[in-house]
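Structural overview
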Amino acid sequence: MIPFNKPPYTGNEEKYVLEAMRSSHIAGDGMFALKCQEWFEKRLMCHNALFITSCTHALEMAAMLIDIGPGDEVIMPSFTFVSTANAFVVRGARIVFVDIHPDTMNIDETLIEAAITERTKAIVPVHYAGVGCEMDAITEIAERYGLFVIEDAAQGMTSTYKGKILGTIGHMGTYSFHETKNYTSGGEGGLLIINDERFAERADIIREKGTNRMQFFRGQVDKYSWVDLGSSYLPSELQAAYLWGQLENVDKIRQARLKNWHYYYEMLADLESKGFLERPQLRDDAEHNAHMFYIKIKDLKERTALLSFLKENGVLAVFHYVPLHDSPAGKKFSYFHGKDNFTSSQSDRLIRLPMYYGLTQNEQGKVVEAISRYFMQ
Ligand SMILES: *Cc1c(COP(=O)(O)O)cnc(C)c1O
């Protein structure tokens, strides 16, 4: 069986995790966590990069930092992971979905303005497959209406949009280090990127259970106490140690994935020219990180048939997402503004092929061969 995903592992993670285990500090913000944080702050040139227990939690923190409360509206695509919406719903927000572009599956920025009301507080673009949304237009709309932009860049680490690193363009951005993403902190983890200085001090407090413990450690206050909302958002030092092993090899992982991505792209050209499937479209202004390789086929019926054919032939391919506005919770907490021209119809057609660090060309050959056989039978 060729799996859909293998968690990325480059070799040094083991050594660093052991080193962390044998040290006297295994809670949050130890030596490895500091190294990771410095690495990100230098590379992203952001104000703060906070290592968080997950991307979901980083989004929850962003919602607290912009004071999302009952009745506030947040605009985002329906074609995304539940956490993009849930992080704002837990603070009482109502989610307003707008349609996506069929070529990138990213939010259609031309539909955002019509969905804005007096209650709108933020726009949350999701950089699907690590391909940047049209951030120039989104930033311009947000500035004109005084809205916050929180980038869900869970899939976007090392990708850029017009030369700018994803996650560093909005007021805040988030990454995921879940085992299915390009880089992991040992299975679960995330990053909150703060680009607007106004949020920095309060972010430290919310992350430390609502206390000013960080200021206490820095000697800025002489005791620490409960000062604000907060929760427990610090990953352990073991997770930071694992992540450090990945950050040391950030470009090696990136290059290997891009090589895999382009190999699929070339090998599937023939099936596309015969009209059996569509490959993702390449864009000049958004350099991606090969987070995902997806194909689109005719419809839902063909997708179900192809997925089971691939499984019978030793290939685990998957689909996602069921559009959020169609889910039971989505019906309760959100509404779709405007017409669903592409969200449902395009998500029905999408299949993700096996993609992971260490995927061999031989395995990729088998995947493509199985897809060809399905269409040629
Ligand atoms: C993976 C993912 C998340 C959630 O990440 P976790 O680290 O698992 O919480 C959120 N949004 C998108 C778009 C994702 O792909």
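Let me begin by describing the structure that accompanies this report.

Definitions and limits used
- Residues numbered from 1 in each chain as written.
- Predicted model: local features only at pLDDT ≥ 70, side-chain atom pairs only at ≥ 80, totals over all residues.
- Heavy atoms only, no water.
- Axes fitted to C-alpha atoms, helices over the stretch in contact; angles between N-to-C directions.
- Helix = DSSP H or I, 4+ residues; strand = E, 2+ residues; numbered from the N terminus.
- Parallel < 35°, antiparallel > 145°, perpendicular 65-115°, else oblique.
- Left-handed = near helix turned anticlockwise from the far one by under 90°.
- Contact = heavy atoms within 4.5 Å.
- Nonpolar A, V, L, I, M, F, W, Y, C, P; charged D, E, K, R; others polar.
- Pairing = 2+ DSSP bridges.
- Salt bridge = Lys/Arg side-chain N within 4 Å of Asp/Glu carboxyl O.
- Buried < 20%, exposed > 50% of the residue type's maximum accessible area, 1.4 Å probe, protein only.
- Near = heavy atom within 4 Å.
- Polar contact = N/O pair within 3.5 Å; in protein donor to acceptor, adjacent residues only side chain to side chain.
- Areas by Shrake-Rupley, 256 points an atom, 1.4 Å probe, with all protein chains shown as cover.
- Right-handed = clockwise from strand over helix to strand, strands pointing away.

At a closest axis distance of 8 Å, the pairing of helix 1 (residues 13-22) and helix 9 (residues 237-247) adopts a crossing angle of 150 degrees. One element, helix 1, and the other, helix 9, form an angle in the roughly antiparallel class. Viewed along their axes, helix 1 and helix 9 form a crossing whose handedness is right-handed. Along its contact with helix 1, which presents Glu13, Tyr16, Val17, Ala20 and Met21, the element helix 9 presents Glu237, Leu238, Ala241, Tyr242, Trp244, Gly245 and Gln246. Here the residues of the contact of helix 1 with helix 9 sort into eight nonpolar, two polar and two charged.

Read across the open sheet, the three strands follow the order 7-6-10; overall the sheet is antiparallel. In this open sheet, the two edge strands, each paired with only one partner strand, are strand 7 (164-165) and strand 10 (286-287). Bridging between strand 6 (residues 160-161) and strand 10 involves two bridges; their strand directions are antiparallel. Opposite Tyr161, over in strand 10, you have Ala286 as the bridge partner.

Let us look at the pattern of salt bridges. Tallying each qualifying case throughout the model produces 19 salt bridges. Ionic pairing is found between Glu272 and Arg279, a salt bridge with its closest N-O pair at 3.0 Å. On the basis of relative accessible area, Glu272 is assigned to the partly exposed category, the value being 26%. Note that Asp285 and Arg283 form a salt bridge whose closest N and O atoms lie 3.0 Å from each other. A residue is classified by how much of its surface remains accessible, and Arg283, at 21% relative accessible area, is partly exposed. It is possible to trace a salt-bridge network through shared partners that takes in Asp67, Arg202 and Asp228.

Below, the discussion takes up the site of the ligand. The local shell around the ligand holds 15 residues, among which Thr56, Asp152, Gln155, Ser176 and Lys181 are the closest. A distance of 2.7 Å separates an oxygen atom of the ligand from a polar atom in the side chain of Ser176. Here the ligand loses 93% of its free accessible area of 380 Å² to cover by the protein chains. Looking at the shell around the ligand residue by residue, the classes come out as five nonpolar, eight polar and two charged.

On to the environment of Leu166, then. When you line up the elements, Leu166 lands in the loop between strand 7 and strand 8 (172-176). Given the relative accessible area of 0%, Leu166 is considered buried. Counting along the chain gives 10 residues from Leu166 to Gly156, while the straight-line C-alpha distance between them is 6.1 Å. Excluding residues within four positions of it along the chain, Leu166 makes contact with His127, Gly130, Val131, Gly132, Glu151, Ala153, Gly156, Ser159, Thr160, Tyr161 and Tyr175.

Counting buried residues in strand 3 (residues 94-98) gives four out of five residues, a clear majority hidden from the surface. Sheet topology note: the strand 2 (residues 73-77)/strand 3 ladder contains five bridges and is parallel. Bridge pairing in strand 3 places Val74 opposite Ile95. Regarding the hand of the β-α-β motif, the stretch spanning strand 2, helix 4 (residues 82-89) and strand 3 is right-handed. The pairing of strand 3 with strand 12 (residues 334-336) spans three bridges and is parallel. Looking at the pairing, Val96 lines up with Tyr335 of strand 12.

Topologically, Thr10 is positioned in the segment before helix 1. A polar contact of 3.5 Å, which involves the side chain of Thr10, links it to the backbone oxygen of Gly245. Residue contacts for Thr10: discarding those within four places in its chain leaves Gly245, Gln246, Asn249, Ile253 and Tyr357.

This paragraph deals with the packing of helix 3 (residues 55-65) against helix 4. Where helix 3 meets helix 4, the axes come as close as 8 Å, and the angle between the chain directions of the two elements is 35 degrees. Two packed elements cross with a definite hand, and for helix 3 against helix 4 that hand is right-handed. Residues Thr56, Leu59, Glu60 and Ala63 of helix 3 touch helix 4, and the partners they reach there are Ser83, Thr84, Ala87 and Phe88. Its residues assigned to classes, the contact of helix 3 with helix 4 shows four nonpolar, three polar and one charged.

Extensive coverage of strand 8 is indicated by the burial of five of its five residues. Burial along strand 8 is two-sided: Met172, Thr174 and Ser176 facing one way and Gly173 and Tyr175 facing the other are all buried. Where strand 8 meets strand 9 (residues 190-194), five bridges bridge the pair, whose relative direction is antiparallel. Residue pairing across strands places Thr174 opposite Leu192, the latter belonging to strand 9.

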